[in-house]
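Each chain, written out:
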Amino acid sequence: MIGMKLDLEGLPIAGVSRGGLETCLEVKRWSLAFDLGRCQRSTVGCARILFTHTHMDHMGAVALHLARRALLGLDPPTYIVPAVNRAAFEALLEAWRELDGSDLPCRVLSVDAGESLPLGKGLVARVFASDHRAPCLGYHIFSQREKLDPRYHEASSEELARLRRSGQVITHRVRTSELAFCGDTRFDVIKTERHLRQARRLILECTFLDERVSVERAREMGHVHLDEIAAHAELFREVGALLLTHVSARYGPAEARELVHRKLPPWLAQRTQVFLPD
Ligand SMILES: [Zn+2]
């Protein structure tokens, strides 16, 4: 599969994503990537990987990523993994160290649904549970800043300085949605995780697109079917931009785009892109 890049409402996203084969989406602006099903040249530069789950098409390239960064003398990467998989992940790295005869230095952090993960530069990821056939986490990244409380809007700068010195809290934290990545999931995550419906940019897997695989079968395998998005389009009214990933290799890029544009209502199709090369 060819790696690709696109612009998702002002945010460049690069990588690869095909269901069952390989998924790795890079967000260079934030020096991170979601999952590591393949390690392209550009992926080596991503110092942080947020793993959603441990299926091979999402994690299989971790050893190459680690080794290439070490070879180039780059800082040890940080791998963020679901807490439930941490021990097995550490054991995997240990096995590679022994096989490769090298240190392969890295930092491993584990996260669980409900936690907040600080990402620096005023960004924080809210970790949520997706609904796959294996434990899977999603990440909703927010930018946050301090905003003056409305009750102090009329106050002079001298007055504000005095209040601050006296220890008075005069600001509150405002969080703005930047990007949500769901990993592999059934459609139900859109129903259970209401914040996703207000995501500025939503990356959702859509593995199956037509009757070659039924909605029922897609659900059994823990994936989204395009017919479910079409049937529940109203849930996406407040989503800024939708990016569909993880499309099964049985659909060619042009065919996938045609199906998405035909099945979704025009207002939703307009703000939807499919992560496949032209
Ligand atoms: Zn997958």
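Refer to the structure printed above.
All of these numbers come straight from a predicted model, not from anything done at the bench. (Residues numbered from 1 in each chain as written. Predicted model: local features only at pLDDT ≥ 70, side-chain atom pairs only at ≥ 80, totals over all residues. Heavy atoms only, no water.)

Trainee: Account for the environment of D75, naming residues and giving values.
Mentor: You can see D75 is positioned in the loop between helix 3 (62-71) and strand 6 (78-82). With 30 residues separating them along the chain, D75 and G45 place their C-alpha atoms 9.8 Å apart. (Helix = DSSP H or I, 4+ residues; strand = E, 2+ residues; numbered from the N terminus.)

Trainee: Please set out the coordination of the zinc ion residue by residue, giving values where relevant.
Mentor: At this site the zinc ion is bound by D57 (OD), H58 (NE2), D184 (OD) and H246 (NE2), with donor distances of 2.1 to 2.4 Å. Geometry at the zinc ion is irregular, judged from the 4 donor atoms that bind it and their angles of 91 to 168° at the metal. Take H246: its relative accessible area is 2%, and that puts it in the buried class. (Donors = N, O, S within 2.8 Å, 3.2 Å for Na, K, Ca; no water. Tetrahedral: all angles 85-135°; square planar, octahedral: opposite > 155°, others 65-115°. Buried < 20%, exposed > 50% of the residue type's maximum accessible area, 1.4 Å probe, protein only.)

Trainee: How would you sum up the sheet that holds strand 5 (residues 48-50)? Please name residues and give values.
Mentor: The strand order across the open sheet built from 7 strands is 1-2-3-4-5-6-7, with neighbouring strands paired in mixed fashion. Strands with a single pairing partner mark the edges of an open sheet, and in this sheet they are strand 1 (4-8) and strand 7 (107-111). The mean angle between the axes of side-by-side strands here comes to 25°, regardless of whether they run parallel or antiparallel. Of the strand pairs in this sheet, strand 3 (residues 22-27) and strand 4 (residues 32-34) are connected by 3 bridges, and their pairing is antiparallel. If you follow V27 over to strand 4, its bridge partner there is L32. Running at roughly 165° to strand 7, helix 4 (residues 86-100) makes contact with strand 6 and strand 7 of the sheet. (Pairing = 2+ DSSP bridges. Axes fitted to C-alpha atoms, helices over the stretch in contact; angles between N-to-C directions. Contact = heavy atoms within 4.5 Å.)

Trainee: Please give an account of helix 3 that cites residues and values.
Mentor: The α-helix winds at 3.6 residues per turn, so residues separated by three or four positions along the chain end up facing the same way. For helix 3, the full list of buried residues reads V62, A63, H65, L66 and R69. Each buried residue of helix 3 sits inside an arc of 165° when the element is viewed along its axis, so together they form one side. Tucked inside the fold, the buried residues of helix 3 contact helix 1 (41-44), strand 5, helix 2 (56-59), strand 6 and helix 4. Note on helix 3: the residue one or two positions beyond its end, G73, has a positive phi of about 70°. (Arc of directions from axis to C-beta.)

Trainee: Tell me about helix 9 (residues 253-263), and name the residues and values.
Mentor: Looking at helix 9, one finds that the buried residues are A256, L259 and V260. On an axial view of helix 9, the arc spanned by its buried residues comes to 95°, and they lie on one face. For helix 9, the exposed residues lying more than 90 degrees away from the buried face are A254 and R262. Along its buried surface, helix 9 packs onto helix 8 (226-231), strand 13 (241-245) and strand 14 (272-274).

Trainee: Lay out the packing of aromatic side chains in plain terms, naming residues and giving numbers.
Mentor: In this structure the tally under the stated criterion is 6 aromatic pairs. The interplanar angle of 35° and the centroid separation of 6.3 Å between the aromatic rings of F34 and Y139 together place this pair among those described as tilted. Of this pair, F34 sits in strand 4 while Y139 sits in strand 10 (residues 137-148), and the two are 105 residues apart along the sequence. For the pair shown, F34 and Y139 are each scored as buried. Grouping aromatic residues by their ring pairs yields a cluster made of F34, Y139 and F181. The side chain of R237 reaches across the aromatic face of W267, ending 3.9 Å from its centre. (Phe/Tyr/Trp six-rings, centres within 6.5 Å; stacked < 30°, edge-to-face > 60°. Lys NZ or Arg CZ within 6 Å of the ring centre and 35° of its normal.)

In short, the description is geometric, and any link to function would need to be established separately.
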